[in-house]
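# Structural overview for review
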Amino acid sequence: MATLKYSRQRECIREYVRSCKEHPTADSIYGVMKEEFPNISLGTVYRNLSLLVELGEITKISIDNGPDRFDCNTKPHSHFICTHCHFIQDIEIPEIDCVVEKASEDINGKFSAHRTTLYGICKQCLEEEKRKKSSWQFLSSMLNCNSNHYYYYLQKAGTVQIK
C-alpha cells in the first residue's frame, strides 16, 4: 500500500473518535470538525471515516433504521443498542470467546473476527416509557372520575384556569 499523505483534518477526526465514549455519528463528528475547520464538508468527514475504518483504526457500527456510528475500540467486543434511541454501549462478555471457539469447531475452520450485538431498550427509554405510561394512567383515571375532580387537578397542575 502506498504511503498515506498526512491530513490534519483526518488526524482531528481520528482523535475525536478516540476521545468519544458515545460512538458518534458522521453528522455529530462533522458538527465538531466544522468548529475547527469551517470549510470542511460532510463528504470529507465521510471519506476520512471510511479510510480510518479501512485502515483498521476505528470501526463502523451499522444500525438498522439509524445512522452508522463509529468506535475507537477496534478490539473484539460486544455492543448493546437501544432500539428506541439508538444509544450504544460497549459491553464485555468474557464467555463469548468460548462460544466462538465452539462455533469454530463446528465449521472446521477459524474465525477471523466476530461481532456480538444485543438489542433492547436502554434505562433512559424505559424510564421515559414508565413516566409516559403513568401520566396516561393518571389522565385516564381522571377522565373516568367526576369531571369536577378532573378540572381541579388540571387547574392545580396549571394546565387550565377555571373562571
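What this report covers is the structure whose coordinates are included nearby. (Residues numbered from 1 in each chain as written. Predicted model: local features only at pLDDT ≥ 70, side-chain atom pairs only at ≥ 80, totals over all residues. Heavy atoms only, no water.)

## With respect to the overall build of the chain
Stated precisely, the cut-off is as follows: A run of DSSP states H or I qualifies as a helix once it reaches four residues; a run of E qualifies as a strand once it reaches two. Both are numbered from the N-terminal end. Relative accessibility decides the category of a residue: with a 1.4 Å probe and only protein chains considered, values under 20% of the type maximum give buried, values over 50% give exposed, and everything between is partly exposed. Any pair of residues with heavy atoms lying within 4.5 Å of one another is described as a contacting pair. In this description, accessible areas are obtained by the Shrake-Rupley approach with a 1.4 Å probe, and a residue is regarded as covered only by the protein chains that are shown.
Counting its regular elements, the chain contains six helices and five strands. The order of helices and strands in the chain, counted from the N terminus, is α-α-α-β-β-β-β-α-β-α-α. Taking all 163 residues of the chain together, 29% fall into the buried category. Here the contacts in the chain between residues at least 6 apart in sequence split such that 45% fall between residues at least 24 apart. Carbon and sulfur atoms make up 53% of the accessible area of the chain, which totals about 11800 Å².

## Focus on the environment of I93
Relative to the helices and strands, I93 resides in the loop between β4 (88-91) and α4 (96-106). Classification of I93 by relative accessible area gives partly exposed; the value is 25%. Measuring from C-alpha to C-alpha, the distance between I93 and H77 comes to 7.6 Å, with 16 residues separating the pair along the chain. Ignoring any residue separated from it by four or fewer positions in sequence, one finds I93 in contact with S78 and L118.

Shape descriptors only; they carry no functional weight alone.
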